[in-house]
Amino acid sequence: RLAAVASMPRDRCVSDGADGDRDTVLSGWLQRAMTNRDRLQELLAAVNRYQIPAPRGTHESLVEYDQRRAVKEMLLEQIIAACIETADAARMIRAAIGHDQPIERSNDLERQAAVVLRAVLRDDAAAVRGAWPELLKALAGRPLLYVGLGRGGNPQRIIASRSLQRLLRCLLACLPRLGLLKETHELIETAQDMEVNHPVGAGAITEFDQLFQIACRAIVRCLVVSSEDWSAAERDDPAASAELDLVAFLEKTTEVLLRCWLVHSRGVRLSVLETFDDRGRWHDLRRFIERYGGDLFTQQFMNLSNLNAILHRGVDAWLRLLEEEPDAEDELQLVGELDERLPREDAVRRLTLILEAVVENYAEYIDYNSTTTQSDRGEMLYTLLDFLRLLAKYNRIAWNLQPVVLAHEVLVRCGHDEATDIWRQAVAQRTGKTADEQIKHLARLTEKHSMRLPSIAERLGERFVRPLAIDRLRALVRPAVEQLQEGESAAAFARLEAEIAPFLADLSGAGFNVPAWLDALQQEIDRVESEPAEDDESLDSYLRAPQVRLSMEEAAAQVKAIAGDA
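Residues numbered from 1 in each chain as written. Predicted model: local features only at pLDDT ≥ 70, side-chain atom pairs only at ≥ 80, totals over all residues. Heavy atoms only, no water.

(A) Looking closely at the overall build of the chain. Counting secondary structure elements, the chain contains 24 helices and 2 strands. Scaling as 2.2 N^0.38, a compact globule of 566 residues should have a C-alpha radius of gyration of about 24 Å, and the chain matches this with 27 Å. When the backbone C-alpha atoms are referred to their principal axes, the chain occupies close to 85 × 60 × 50 Å. Of all 566 residues assigned to the chain, the portion counted as buried reaches 50%. Here the contacts in the chain between residues at least 6 apart in sequence split such that 78% fall between residues at least 24 apart. For the chain, the exposed surface amounts to about 26,900 Å²; the carbon and sulfur share of it is 50%. One way to put it: in the chain the 69 positive side-chain charges average out to a point 3 Å from where the 92 negative ones average out. (Helix = DSSP H or I, 4+ residues; strand = E, 2+ residues; numbered from the N terminus. Rg over C-alpha atoms; globule rule 2.2 N^0.38 Å. Buried < 20%, exposed > 50% of the residue type's maximum accessible area, 1.4 Å probe, protein only. Contact = heavy atoms within 4.5 Å. Areas by Shrake-Rupley, 256 points an atom, 1.4 Å probe, with all protein chains shown as cover. Lys, Arg positive; Asp, Glu negative; His and termini not counted. Charge placed at Lys NZ, Arg CZ, Asp CG, Glu CD.)

(B) Structural view of the layout of surface pockets. In this structure, the second largest pocket spans a volume of roughly 1,200 Å³. For the second largest pocket, the lining is made up of 39 residues, of which Arg151, Gly203, Ala204, Ile205 and Arg269 are closest to its centre. Among the elements of the structure, α3 (59-96), α6 (155-174), α7 (181-197), β2 (204-205), α9 (242-266), α11 (304-313) and α15 (344-360) are those that each provide at least two residues to the lining of the second largest pocket. Of the residues belonging to the lining of the second largest pocket, the class tally is 16 nonpolar, 12 polar and 11 charged. (1 Å grid on protein atoms, 1.4 Å probe; cavity = no way out; pocket = protein on both sides within 12 Å on 5 of 7 lines; lining within 4 Å. Points joined across faces, edges and corners; volume = space filled by probe spheres on them. Nonpolar A, V, L, I, M, F, W, Y, C, P; charged D, E, K, R; others polar.)

(C) Region of interest: the packing of aromatic side chains. Counting across every chain of the model gives 11 aromatic pairs. Ring plane angle 35° and centroid distance 4.9 Å describe the contact between Trp261 and Trp399, whose orientation is recorded as tilted. Of this pair, Trp261 sits in helix α9 while Trp399 sits in helix α17 (residues 381-400), and the two are 138 residues apart along the sequence. Grouping residues by exposure puts Trp261 and Trp399 together as buried. Relative to Tyr368, the ring of Tyr365 lies with its centre 6.2 Å away and its plane at 45°, an arrangement referred to as tilted. (Phe/Tyr/Trp six-rings, centres within 6.5 Å; stacked < 30°, edge-to-face > 60°.)

(D) Inspection of the packing of helix α2 (residues 20-49) against α6 at higher detail. Two numbers describe how α2 lies on α6: the axes approach to 10 Å, and their chain directions differ by 140°. Between α2 and α6, the interaxial angle falls into the category oblique. Contacts between α2 and α6 pair Gln41, Leu44 and Asn48 from the former with Pro155, Gln156 and Ile159 from the latter. Classifying every residue of the contact of α2 with α6 by side-chain character gives 3 nonpolar, 3 polar and no charged. (Axes fitted to C-alpha atoms, helices over the stretch in contact; angles between N-to-C directions. Parallel < 35°, antiparallel > 145°, perpendicular 65-115°, else oblique.)

(E) Quick look at the pattern of salt bridges. Using the criterion set out here, one finds 44 salt bridges in the structure. Among the salt bridges present, the one from Asp66 reaches Arg69, with a minimum N-O distance of 2.4 Å. Note that Asp66 and Arg69 are positioned in helix α3 at a spacing of 3 residues, about one turn of the helix. Comparing Asp66 with Arg69, the two get one shared label, buried. Between Arg344 and Glu323 there is a salt bridge, and its shortest N-O distance comes to 3.0 Å. Separated by 21 residues along the polypeptide, Arg344 in helix α15 and Glu323 in helix α12 (residues 315-324) bring together distant segments of the chain. Using a relative accessible area of 11% as the deciding quantity, one classes Arg344 as buried. In the salt-bridge network here, residues are joined through shared partners; they are Arg1, Glu85, Asp88, Arg91, Arg94, Glu110 and Arg166. (Salt bridge = Lys/Arg side-chain N within 4 Å of Asp/Glu carboxyl O.)

(F) Quick look at α6. The terminal C-alpha atoms of α6, which comprises 20 residues, lie 29 Å apart, in line with the 28 Å expected from a rise of 1.5 Å per residue. Within α6, 15 of the 20 residues are buried, which leaves it mostly tucked inside the rest of the structure. In this structure Asn154 caps α6, since a side-chain oxygen of it lies 2.8 Å from the backbone nitrogen of Gln156. (Expected span 1.5 Å × (residues − 1). Polar contact = N/O pair within 3.5 Å; in protein donor to acceptor, adjacent residues only side chain to side chain.)

(G) Expanded view of the side chain of Glu195. If you trace the backbone, Glu195 turns up in helix α7. Despite its burial, Glu195 remains without a salt bridge, the nearest opposite charge being carried by Arg169 at 9.6 Å. Reaching out from Glu195, the side chain makes a polar contact with the side chain of Thr206 at a distance of 2.7 Å.

(H) Examining the packing of helix α16 (residues 362-371) against α17 more closely. Relative orientation of the contacting elements α16 and α17 amounts to 135°, with a least axis distance of 11 Å. When the interaxial angle is binned, α16 and α17 end up oblique. Viewed along their axes, α16 and α17 form a crossing whose handedness is right-handed. Between α16, through Glu364, Tyr365 and Tyr368, and α17, the contact on the second element is made entirely by Leu381, Thr383, Leu384, Leu388 and Leu391. (Left-handed = near helix turned anticlockwise from the far one by under 90°.)

(I) Summary view of unusual backbone geometry. In this structure, Asp123 is a non-glycine residue whose phi angle is positive, near 55°. Structurally, the position occupied by Asp123 is in the loop between α4 (108-121) and α5 (125-140). Exposure remark for Asp123: the relative accessible area of 21% places this residue in the partly exposed category. Positive phi, close to 55°, is recorded for Arg463, a residue that is not glycine. Looking at the element boundaries, Arg463 is found in the loop between α20 (454-461) and α21 (466-485).

Next up, the structure:
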């Protein structure tokens, strides 16, 4: 893949098929890649057919089953990843060849993708626009969602969906480089329609959020970099700050992107507890925990492997296995009352919800288990879930703010300090009231249940703007490292230290996890040490090309076109 793309002339004046020897070699590579893909899929089918013996209802049997299941899934994931990489290599080699390659008639998508990718590799925006309608038409009929391995998903279907997502990622990152903002927006909307029009049932996995983030960053970056060349003569008010004009463009763009994001957000479940806003349903769940949790939710039972195994096999299957164990009715009140006072369907539904809530928030469960006295009593587990309901509300609001946060991240990385400050102040102002309400709600829960969960208090204490401050820290790492390595003045490092000081003065959390800001700094240092300076991490290095800079008039036209599409 790397060699094929590197061998391709980026000059649009070079005619297709000009280098016959090169194309002959690449055609051989393409055939080899296809053969490798087919053999990998045979291996995948063989591993997938292997059956792990079913567990009994005991703790030891469930833990062993979960370990063996995890090993099988890990191996399947490795093979799936290899299949996807090989298919992507074949796709890029096909695009790098100077003429169309034979493709089975049923696969019109790959044929259209090769045409568009060939134009992208040559930085030919006009050719992309010419082939664009046909590619969108071919994409519209394909499913993008898939069911994960843990829920019994078909590995071949997973490969098809994730390989398609790889193509979308590449295009969403490359198109804004060519100044094609309207086409980028059309592609992200097409991806959204592909998910809506081709559902795959319960347990479907969406990666639209990742696709959206790539597109959002790339669109914003195109506008930010382009603004650096806008002259005062182009602006309506020549005396106005160029940064204010940039912010105005970004506000219009993120408003459109935000509408698209919120449509997706409404269909995404961030937490199983989001469905328990209804007071009646919550009280029913609390009574269930108070009656049956004392002898059920023990420290041993709440082991993560045990919970995962039960959920993977299904709570109903686990209950039936448990009923076969001697003395189960004497040891567990739930088993003794099952199908009599307690309908089996209700027990399965409520237990599934409780276990899923704990598994998806296991770090908070460790906090609860280690810092509160309530955790010694299984019938008090509802107190943790009450806090987790509040956390789910906060996370939903933070999730909805993603386009705004992503725009800020790009502004910081591109060094537009004035625009960054304006953006951050606007976010803080718009979210301040909601953040205050969340903090007050947390205080009421703390008093009501007589316990404090540091991890949740820290999360709500971010007030939706802490990620913006962390973005500033990350942006200061590379200048600081480069100055120290080159023996220059340590001014950038001093600035980084000054920005870190407020974080050090506000230590919180339970101490079980590295603070988010410190983890972000470590990730940034690793990235700086392993990669050369590059302002767009979403694009693979072999695809990076100079950013086309739009004039203010061109940018305004594209933003208007995007708003019209929406």
